[in-house]
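Examination of the molecular architecture
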Amino acid sequence: MSAPGLLVAAPRSSSGKTTVTLALMRALRRRGLRVRGAKCGPDYIDPAFHRAATGQPSFNLDSFAMAPGLLDALAGETAAQADIVVAEGSMGLFDGVRAAESRTGANADIAARYGWPVVLVVDVSGAAQSAAAVALGCKLYDPRIRIAGVILNKVASARHRRLVEAGMERVGLPVLGVLMRDAELVLPERHLGLVQAGETADLESRLDRLADLAEAGIDLDAVLACASGGAPASAGVLPRPPGQRVAIARDAAFSFLYPHLETGWRLAGAEIVPFSPLLDEAPPDSCDACWLPGGYPELHAGQLAAASRFLDGLRAFATTRPVHGECGGYMVLGQTLEDADGTTHAMAGLLPVATSYRKRKLHLGYRVAQLCSDGPLGRRGARVVGHEFHYASELSPAAAEADALARVTDAEGTDQGLAGHRVGSVGGSFFHLIAADDG
């Protein structure tokens, strides 16, 4: 049987979705339930927090980047291994791109597709009854979804709570719980979002504290009663691996690999072999492909530049086998990386790329790419979908088409030119692969 689910969403970013999601996950797990998480949209940090809270993997569900078959395969796998699915939204509930109906990348697409009711997190700081007007707008905006109730976040006092609850009662939205304003609930952040789960100090005690607050302030029985819907069993194909034995860089500098990619590779029979560049480890010679994910190499540039065994081993590996780098991995495959202080560090020198974190500019959005040549992402001409989110600037000129990784557009089809580089068996770009598009 497919487990019921619910979607924790909000009218806007920074409302406390992650805090409430983790609190619910850990509190429900304490009850002995098998809880599985999911993350709507292209986020590679939150799923690791979900895994820490539930003890189970968490996949991304992206209605724009993922074709229906892949989307259903991931949702079905999640729901088949759980008693309840707690999905977390991104940005606002209806925020997405202009695209075909149900393919916008918005949280609401996922709730509608799987019949998951929405638990709306409303940050009520600076408002009282007016918060209900915002919640009512969310309730009425999209007839495909149902808002089961609200959880009030950042409540200032008992009086404040009574006023907000009066407004919610007026518009017919049940209040499922309340979290008071508490600076200690805020998880630490850095420039790409939360500090990673593996780097967050005392993460287990933080999660247990959140569960305590959920048990004290949220009607968990009511939340469980809200859960419904379910994902269908699906024979959709997960992403295929770039090799049979894949060396993956994995440490504090390289960690942004979407969980569904690694799961798909394993299910296809590939062996994943992690190694740590920060520990000066080279990609194992027994592997037939190497993948450098994104992460935070700009915070560790000096240590990476001094990691001679890693750099020499990577160069030797690349003479005979494919190497792919995305975002941070792409920066490390380049000639140089300038850190925030303006110090330039030599990198692997496998691609004619110079990047700078000192010259910062936000690059954000989906990338629909047509590959310029055969490689780990697919055959020449294949269409793949990814997402770009970084602040680094590329100082070197763009590649000619013969030497680029792909020609890309944004989500609305606007030409973004050529992306990335390829030299022999080495390639990379700033976008993170999400899926090969099968329509």
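Read on for a plain summary of the structure. (Residues numbered from 1 in each chain as written. Predicted model: local features only at pLDDT ≥ 70, side-chain atom pairs only at ≥ 80, totals over all residues. Heavy atoms only, no water.)

Considerations on the nonpolar core
As a rule of thumb, nonpolar side chains are buried together in soluble globular proteins. The cut-off we apply is this: As used here, the term nonpolar core means buried Ala, Val, Leu, Ile, Met, Phe, Trp, Tyr and Cys residues forming a set that is joined through side-chain atoms within 4.5 Å. A 1.4 Å probe rolled over the protein chains alone gives each residue an accessible area, and that area as a share of the maximum for its type sets the label: buried under 20%, exposed over 50%, partly exposed in between. The secondary structure listing takes helices from DSSP runs of H or I that are at least 4 residues long and strands from runs of E that are at least 2 residues long, numbered from the N terminus. Whether two residues are in contact is decided by their heavy atoms: any pair within 4.5 Å suffices.
If you look at the biggest cluster of nonpolar residues, it comprises 114 residues, and the most contacted ones within it are Leu93, Val118, Leu120, Met168 and Trp265. Considering each element in turn, this core owes the most residues, seven residues, to helix 1 (residues 17-30). Sequence-distant contacts of Trp265, that is, excluding residues within four places in its chain, are made with Pro239, Arg240, Pro241, Pro242, Val246, Ile248, Leu257, Ala270, Ile272 and Trp291. Cys287, Ala348, Leu351 and Val426 belong to the second largest nonpolar core, which has 33 residues in total.

Re empty space enclosed by the protein
Rules: Here a cavity denotes a set of grid points, spaced 1 Å apart and computed over the protein atoms alone, in which a 1.4 Å probe fits but from which it cannot get out, and a pocket denotes an open set meeting protein on both sides within 12 Å along at least five of seven lines; residues with an atom within 4 Å of a point are reported as lining. Grid points are joined across faces, edges and corners, and a volume is the space filled by probe spheres set on the points. Throughout, the ten residues Ala, Val, Leu, Ile, Met, Phe, Trp, Tyr, Cys and Pro are labelled nonpolar, Asp, Glu, Lys and Arg are labelled charged, and all others, Gly among them, are labelled polar.
Using the criterion set out here, one finds two cavities of 30 Å³ or more in the structure. Within this model, the largest cavity holds a volume of roughly 70 Å³. Residue lining of the largest cavity: His191, Leu192, Gly295, Glu298, Cys327, Gly328, Met331, Tyr357, His390, Tyr391 and Ala392, and that is the complete set. When the residues that make up the lining of the largest cavity are grouped by side-chain class, the tally is six nonpolar, four polar and one charged. Approximately 40 Å³ is the volume attributed to the second largest cavity. Partitioned by chemical class, the residues of the lining of the second largest cavity number four nonpolar, three polar and two charged.

Looking at the sheet that holds strand 13 (residues 323-326)
Rule in force here: When DSSP finds at least two bridges between two strands, those strands are taken to pair. The axes used here are C-alpha line fits, helices contributing only the stretch in contact, and every angle between their N-to-C directions lies in the interval 0 to 180 degrees.
Spatially, the six strands line up as an open sheet ordered 11-10-12-13-23-22, and their pairing is mixed. The sheet is open, and its two edges are formed by strand 11 (271-275) and strand 22 (421-423), each paired on a single side. Averaged over neighbouring strand pairs, the angle between their axes works out to 15° when direction is ignored. Summarising the sheet, strand 12 (residues 289-292) and strand 13 pair through three bridges and their orientation is parallel. Note that in strand 13 the partner of Leu292 across the bridge is Gly325. Helix 11 (residues 308-318) contacts strand 11, strand 12, strand 13 and strand 23 (426-429) of the sheet and is inclined by roughly 135° relative to strand 12.

Some details on the state of the cysteines
The test is simple: For this text, the term disulfide refers to a pair of cysteine sulfurs within 2.5 Å.
By the definition in use, this model includes zero disulfides. The thiol of Cys40 is not disulfide-bonded; the next cysteine sulfur, from Cys138, is found 15 Å away. Free cysteine: Cys327, not disulfide-bonded; nearest cysteine sulfur from Cys290 at 16 Å. The exposure class assigned to Cys327 is buried, which follows from its relative accessible area of 5%.

Focus: the environment of Gly229
Residue position: Gly229 is located in the loop between helix 8 (220-226) and strand 10 (245-249). Relative accessible area serves as the criterion here: at 41%, Gly229 is assigned to the partly exposed category. Residues Gly229 and Gln196 lie 33 residues apart in sequence; the distance between their C-alpha atoms is 31 Å. If sequence neighbours within four positions are ignored, Gly229 has contacts with Ala3, Pro4, Tyr114, Gly115 and Trp116.

Looking at the packing of helix 2 (residues 46-54) against helix 7 (residues 203-217)
Under the convention used in this document: Roughly parallel here means an angle under 35 degrees, roughly antiparallel means over 145, roughly perpendicular means 65 to 115, and every remaining angle is called oblique.
One can describe the packing of helix 2 onto helix 7 by two numbers: an axis separation of 10 Å at closest approach and a directional angle of 75°. As judged from the angle between their axes, helix 2 and helix 7 are roughly perpendicular. Contacts from Phe49, Ala52 and Ala53 of helix 2 reach helix 7 at Leu203, Glu204 and Leu207. By residue class, the composition of the contact of helix 2 with helix 7 is five nonpolar, no polar and one charged.

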